[in-house]
Amino acid sequence: MKSMKCKKLCVILITLILLVSAAGCGKKNEYSAVKDDYISSYDKNTIIMNTSGDILEISVDDYNGVSFDYSQLVDYIKSEVEAYNKKVGGEKISFLQYGEKDGIVKSALLYNDFDSYNEFNNMNVTFSLYNAEYCDSIANEEFAKTHAAVAVSTDISDEDEEISDDQLAEAGLTRDEYEKRKAEQQQEQAEGKAPDVVTATFTDASSKETVDSSEITDGSIMMFTVPNAIDIKLDGGKFLYYNNHAVLSEDGVMSTDGEGTAIVVFKMNY
């Protein structure tokens, strides 16, 4: 949901599932006190997407130690939803449920699509069919930004001490990698060659081997691009590939680092 007045940025857990229903709401302060309970089983901000493209968002905020009228908070959430729907001229977001217990506030909102979710939350999570060219463009943009930070060019002095190991680490480079790329660029410039175009690379979720974007050829699979630090979990689907800004845990949770654009490729069992 759109940021509350004192809402913290939290890690988001994304779970893709087929929702059985999206009805019901409650105003009672016990999470499970309503018939259609969406929020009681969650302790992190969570996004659930169904096969029709609806997104159910569970927001979880810790207000322990903060004294205020919780009824004003739920009124604020509802007013923000109402204002957004009025602005776009349709029922794009629905308020489903709210609850507070021991200072932990939870709410559930239903979005018609990712555009509404992104606009309402000032987010930029994309969801689309896999596109190798788009992945390559992300990789090239990041390469340019990252390696400009350590000036991997012939303009830099050859004295190693001018770039510290900490600076190299921030740019994602070891000393050996830096020296190798620097020498390659110097050689390319001497030969009049243009810099190589970067190809996006992924880790295969099954084999853990590295594959290039062009090696992924299934036209039916999907991908997320995520610039934020979030957790992603699939229910009824399978992770296939992920880039260097994501890590897959043994229990099937994909975590993105927020330090660059994570690309996560997956398929659902439709």
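Calculation rules
Within each chain, residue numbers correspond to sequence positions counted from 1 in written order. Note on the predicted model: pLDDT of at least 70 is required for a residue's local features to be given, and 80 or more for side-chain atom pairs to be given and counted; whole-chain, interface and lining totals, by contrast, use all residues. Calculation of side-chain values draws on the structure's entire complement of heavy atoms; hydrogens and water are dropped beforehand. Throughout, exposure labels follow a simple rule: accessible area from a 1.4 Å probe, protein chains only, divided by the maximum for the residue type, with under 20% read as buried, over 50% as exposed, and the rest as partly exposed. Starting at the N terminus, helices and strands are each numbered in turn, a helix being any DSSP run of H or I of at least four residues and a strand any DSSP run of E of at least two. Being paired, for any two strands, means DSSP has found at least two bridges between them. Polar contacts, as used here, are pairs of N or O atoms within 3.5 Å; protein pairs need one atom able to donate a hydrogen and one able to accept it. Residues neighboring in sequence count only if both atoms are side-chain atoms. Axis lines are fitted to C-alpha atoms, over the contacting stretch for helices. Their N-to-C directions set the angle, which ranges from 0 to 180 degrees. Two aromatic rings, drawn from Phe, Tyr or Trp (for Trp, its six-membered ring), form a pair once their centres lie within 6.5 Å of each other, and the interplanar angle then sorts them: stacked below 30 degrees, edge-to-face above 60, tilted otherwise.

### Some details on the pairing of strand E7 (residues 201-204)
Side-chain direction in a regular strand flips from residue to residue, so the side chains alternate between the two faces of the sheet. Residues Phe202 and Asp204 line the buried face of E7, whereas the alternating positions Thr201 and Thr203 sit on a face that is not buried. Looking at chain direction, E7 and strand E8 (residues 210-212) are connected through 3 bridges and run antiparallel. Along E8, the bridge assignment pairs Phe202 with Val211. Linking E7 to E8, which pair antiparallel, is a turn of 5 residues; within it Lys208 sits at a positive phi near 65°. Relative to strand E11 (residues 237-242), E7 is paired through 2 bridges, and the arrangement is antiparallel. Bridging from a neighbouring strand, Thr203 pairs with Tyr242 of E11.

### Remarks on the side chain of Gln97
Its place among the elements puts Gln97 in strand E4 (residues 93-101). Overall, the relative accessible area of 1% leaves Gln97 in the buried class. A distance of 3.0 Å separates the side chain of Gln97 from the side chain of Asp37, its partner in a polar contact. Within the structure, the side chain of Gln97 is placed 2.7 Å from the backbone nitrogen of Tyr38, a separation counted as a polar contact.

### Focus: the sheet that holds strand E9 (residues 222-226)
Taken in spatial order, the 6 strands of this open sheet run E6-E9-E14-E11-E7-E8, and their pairing is antiparallel. Two strands lie at the open edges of the sheet, namely strand E6 (126-129) and E8, each paired on one side alone. Sheet twist, expressed as the mean angle between neighbouring strand axes with direction ignored, is 35°. Sheet topology note: the E6/E9 ladder contains 4 bridges and is antiparallel. Paired with Phe127 across the bridge in E9 is Phe224.

### Concerning the packing of aromatic side chains
Taken as a whole, this structure holds 10 aromatic pairs when the rule is applied. An angle of 85° between the planes, with centres 5.4 Å apart, marks the rings of Tyr111 and Tyr117 as edge-to-face. With a relative accessible area of 0%, Tyr111 lands in the buried category. Owing to a relative accessible area of 1%, Tyr117 belongs among the buried residues under this scheme.

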